[in-house]
Amino acid sequence: MQTQKPIVFFDGICHLCNSFVDKVIQLDRQSQFQFASLQGETAKKILRPEERTHLETVILLENKKKYHRSDAILRVLTKLGGIYKIFFLGYLLPQFLRDGLYAWIAHNRYAWFGQREFCRLPKSDEKDRLLP
């Protein structure tokens, strides 16, 4: 499957992950991103099995390159432009610190934010942005 827009892969049953996707959709006025759950068909076609089963990461696929964990989050936020370019400062932290913080939050996300019974379903105005 080839797409020209970057795809953000996320845990479809995680409330924190879904809130992140909702916020990015709201702020992404240029509709530059598409989204797919790690549990979905698009992920099965594009990602390796070990990437799909490790639900504690966000993966950004952009120009055939994959970004994981904090790199994916920072890249998405800075590409939103405007005030969100300030997140570029996150790159000043060494990756092992950024990913360590990311891993701690990811490990506790279900306990802190809960989880859904099923993956996120697109609203009518999101159908072209949320891939199966």
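This text goes with the structure placed above it.
Residue numbers here run from 1 along each chain, matching the order of that chain's written sequence. Reporting in this predicted model follows two pLDDT cut-offs: at least 70 for local features of residues, and 80 or more for side-chain atom pairs to be given and counted; totals over whole chains, interfaces and linings ignore these cut-offs and use all residues. Where side-chain values are given, they derive from all heavy atoms of the structure, hydrogens and water being excluded.

Student: Help me understand the nonpolar core in this model?
Tutor: Note that soluble globular proteins tend to have their nonpolar side chains buried in a common cluster. Ranked by size, the top nonpolar core spans 22 residues in total, and within it Val8, Phe20, Val24, Phe33, Phe35, Leu60 and Val76 carry the most contacts. Counting residues per element, the ones that place at least two in this core are strand S1 (7-10), helix H1 (15-27), helix H4 (69-79) and helix H5 (95-113). Going along the chain from the N terminus, every DSSP run of H or I of four or more residues is numbered as a helix, and every run of E of two or more is numbered as a strand. With 6 residues, the single largest contributor to this core is H1. Contact definition: two residues touch when any of their heavy atoms are within 4.5 Å. Residues in contact with Val8, not counting those within four places in the same chain, are Phe20, Phe33, Gln34, Phe35, Ala36, Val58, Ile59, Leu60 and Val76. Side-chain atoms within 4.5 Å link the members of a nonpolar core, which is a set of buried Ala, Val, Leu, Ile, Met, Phe, Trp, Tyr and Cys residues. Exposure classes here rest on a 1.4 Å probe applied to the protein chains alone. A residue is buried below 20% of its type maximum, exposed above 50%, and partly exposed in between. With 9 residues, the next largest nonpolar core counts Ile7, Ala36, Leu38 and Leu61 among its residues.

Student: Could you clarify how one ought to interpret the environment of Leu55 in this entry?
Tutor: Position of Leu55 relative to the elements: it lies in the loop between helix H3 (49-53) and strand S3 (59-62). The spatial distance from the C-alpha of Leu55 to the C-alpha of Ser37 is 9.5 Å, given a sequence separation of 18 residues. Those residues in contact with Leu55, other than ones at most four positions away along the chain, are Asp11, Leu38, Gln39, Arg109 and Tyr110.

Student: Sorry, what's going on with unusual backbone geometry here?
Tutor: For residues that are not glycine, phi is negative in most cases, and the peptide bond is trans in most cases. One non-glycine residue, Lys64, lies in the positive phi region at around 65°. Checked against the element boundaries, Lys64 lands in the loop between S3 and strand S4 (65-68). Residues other than glycine seldom take positive phi values, yet Arg69 does so here, at roughly 50°. Looking at the element boundaries, Arg69 is found in helix H4. Given the relative accessible area of 32%, Arg69 is considered partly exposed.

Student: Please clarify how the pairing of S1 should be interpreted in this entry.
Tutor: Residues in a regular strand point their side chains to alternate faces of the sheet. Neither face of S1 is exposed, since Ile7 and Phe9 on one face and Val8 and Phe10 on the opposite face are all buried. Here S1 pairs with strand S2 (residues 34-37) via 4 bridges, running parallel. Across the sheet, the residue bridging to Ile7 is Gln34, located in S2. Following the backbone out of S1, through H1 and into the adjacent parallel S2, one traces a crossover that is right-handed. A pair of strands is labelled paired if DSSP reports no fewer than 2 bridges between them. Assignment of crossover handedness uses the view with strands pointing away from the viewer, where a clockwise path from the first strand over the helix to the second indicates a right-handed crossover.

Student: Looking at this structure, I do not really get the pattern of salt bridges. What am I missing?
Tutor: Between side chains of opposite charge, pairing is possible as soon as their charged atoms come close. Any Lys or Arg side-chain nitrogen found within 4 Å of a carboxyl oxygen on Asp or Glu counts as a salt bridge. A complete count under the given rule lists 10 salt bridges for this structure. Between Arg48 and Glu50 there is a salt bridge, with the nearest N and O atoms lying 2.7 Å from each other. Its relative accessible area of 46% is what places Glu50 among the partly exposed residues. Residue Arg48 pairs with Glu51 through a salt bridge whose shortest N-O separation is 3.6 Å. Accessibility expressed as a relative area gives 44% for Arg48, which makes it partly exposed.

Student: Explanation requested: the packing of aromatic side chains in the structure shown.
Tutor: Two aromatic rings, drawn from Phe, Tyr or Trp (for Trp, its six-membered ring), form a pair once their centres lie within 6.5 Å of each other, and the interplanar angle then sorts them: stacked below 30 degrees, edge-to-face above 60, tilted otherwise. Considering all chains together, one arrives at 4 aromatic pairs under this definition. With a centroid separation of 5.0 Å and 75° between ring planes, the pair formed by Trp104 and Trp112 is classed as edge-to-face. In this structure Trp112 comes out as partly exposed when scored by relative accessible area, which is 43%. Positioned over the ring face of Tyr110 is Arg109, at 4.3 Å from the centre of the ring. Only lysine NZ and arginine CZ atoms are considered, and such an atom sits over a ring when it is within 6 Å of the ring centre and within 35 degrees of the ring normal.

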